[in-house]
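# Commentary on secondary and tertiary structure
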Amino acid sequence: CNNSDTGGDGGDAGSGNEPIVLGFSQVGAESGWRTANTTSIKESAAEAGIELKFDDAQGKQENQITAIRNFIQQKVDVIAFSPKVETGFETVLKEAKDAGIPVILTDRAVDTQDKTLYKSFLGSDFVKEGRLSGEWLVNEMKSATGDVNIVELQGTTGSAPANDRKKGFAEAIAKDPKLKVIASQSGDFTRAGGKQVMEQFVKANPKIDVLFAHNDDMGLGALEAITAAGKVPGKDIKIITIDAVKDGMQALADGKFNFIAECSPLLGPQLMELVKKVNKGESVPARIETQETTFTQEQAKAALPTRKY
Ligand code: GZL
């Protein structure tokens, strides 16, 4: 039962007999990061003995809203989800609150004033990831002469990672006026999107010195466009990405990428601990940030053999 239920048809999970029922709405399967995140959630639920109702929204916000409504109808004990975009979830979150079902946000945040609509946010500081990416570039280019032309592949339009990574990166590179973002467009966090937009960037901009991609997958897609244009990735065009999934780390180790800021998808274990606490009505931190690091080419070579995802 959830923390306000008195043993209704939500089962009496509180007595420890019935498993806790968790409804989880996932964004989709757009990237290697997302796949690793889904695996972490499913495996952790099984290990924790939590009954998981998992819905893949296939990249559509309306499917997430429908899934959350279904979870409410099914009277699950706890709802968790990764909101595709920051806005448009307030109504359904109010419905969950009115139904007495606690909600946990994972990975991405919603932009709401009403902080009572969810119990906790578990995920990364995306502004910091963007800032670390920009700081690396400022240092890398400190002795460069003349303008450094940067193109930016943004993540999904309206998503917290896209908004915040862009913000953090821009703040960091503002320290050096020769660093200029000459083009910035969403590739929707996918390889196909990264390739397609980078093809346009290369056509329209004869001098590109740096690509900043909001995730590895768009950077990997962009590699095809860069080599097709006869340029050497990692040398003619330096590439900075975020996530540090295996394929991205391999590209970094191979010298095709130059720097990656890590964003951990392994949120499952911490999520299940939060679910148990919230189900018992225990108080939990409003925000829990994951521990992350950054990688250079040499660090990627050293880390690859033991990389979990
Ligand atoms: C970040 C996550 C982003 C990843 C992308 O926490 O929301 O979505 O950086 C993924 O790879 O698609």
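Attention here is on the structure that accompanies the text. If you're wondering where the values come from, they're calculated on a predicted model, not measured in any experiment.

## Here's the deal with the side chain of Asn-258
With respect to the element layout, Asn-258 can be found in the loop between helix 8 (246-253) and strand 10 (259-262). Judged by its relative accessible area of 8%, Asn-258 is buried. Only 3.0 Å separates the side chain of Asn-258 from the backbone oxygen of Gly-234, close enough to count as a polar contact. A polar contact is formed between the side chain of Asn-258 and the backbone nitrogen of Ile-239, at a distance of 2.8 Å.

## What about the packing of helix 2 (residues 61-73) against helix 3 (residues 90-98)?
Here helix 2 crosses helix 3 at 10°, and the two axes come no closer than 10 Å. Taken together, the axis directions place helix 2 and helix 3 in an arrangement best described as roughly parallel. Listed contacts from helix 3 to Ile-65, Ile-68, Arg-69 and Ile-72 of helix 2 are Thr-91, Val-92, Glu-95 and Ala-96. For the contact of helix 2 with helix 3, the residue count by class is five nonpolar, one polar and two charged.

## With respect to the layout of surface pockets
Once rolled over the atoms, a probe with the size of a water molecule shows which space is left empty. Counted as a void, the largest pocket has a volume near 280 Å³. In this structure, the largest pocket is lined by 17 residues; those nearest its centre are Ala-109, Val-110, Lys-115, Tyr-118 and Arg-287. For the lining of the largest pocket, the per-class residue count stands at eight nonpolar, two polar and seven charged. A volume near 160 Å³ is recorded for the second largest pocket. Taken together, Ala-36, Thr-39, Ser-40, Glu-43, Ser-44, Glu-47, Leu-266, Pro-269, Lys-308 and Tyr-309 form the lining of the second largest pocket.

## As for empty space enclosed by the protein
Scanning the model with the defined rule gives one cavity of 30 Å³ or more in all. Empty space within the largest cavity amounts to approximately 100 Å³. In terms of lining residues, the largest cavity is bounded by 13 residues, among which Trp-33, Arg-34, Arg-108, Arg-165 and Asp-243 are the most central. Within the residue set of the lining of the largest cavity, elements represented by two or more residues are helix 1 (32-48) and helix 5 (160-173). Residues that form the lining of the largest cavity fall into these classes: five nonpolar, two polar and six charged.

Criteria and cut-off values
Starting afresh in each chain, residues are numbered from 1 along the sequence in its written order. With the structure being a predicted model, the display of local features is reserved for residues of pLDDT at least 70 and the display and counting of side-chain atom pairs for 80 or more, all residues being used for whole-chain, interface and lining totals. Working from all heavy atoms in the structure, the side-chain values ignore hydrogens and water. Elements are defined by DSSP. Helices are runs of H or I of four residues or more, strands are runs of E of two residues or more, and each kind is numbered from the N terminus. Relative accessibility under 20% of the residue-type maximum defines a buried residue, over 50% an exposed one, and the middle range a partly exposed one, all with a 1.4 Å probe and only protein chains included. Here a polar contact means two N or O atoms within 3.5 Å. Within protein one must be a hydrogen donor candidate and the other an acceptor candidate, and residues neighboring in sequence count only if both atoms are side-chain atoms. Axis lines are fitted to C-alpha atoms, over the contacting stretch for helices. Their N-to-C directions set the angle, which ranges from 0 to 180 degrees. Throughout this description, any angle smaller than 35 degrees is read as roughly parallel, any larger than 145 degrees as roughly antiparallel, any in the 65 to 115 degree range as roughly perpendicular, and the remainder as oblique. We call two residues in contact when some of their heavy atoms are within 4.5 Å. The residue classification treats Ala, Val, Leu, Ile, Met, Phe, Trp, Tyr, Cys and Pro as nonpolar and Asp, Glu, Lys and Arg as charged. All others, Gly included, are polar. Throughout, the protein atoms alone are placed on a 1 Å grid, and a set of points is a cavity if a 1.4 Å probe fits but cannot get out or a pocket if it is open with protein on both sides within 12 Å along at least five of seven lines; lining residues have an atom within 4 Å of a point. Grid points are joined across faces, edges and corners, and a volume is the space filled by probe spheres set on the points.

Any link to function would need more than the numbers given here.
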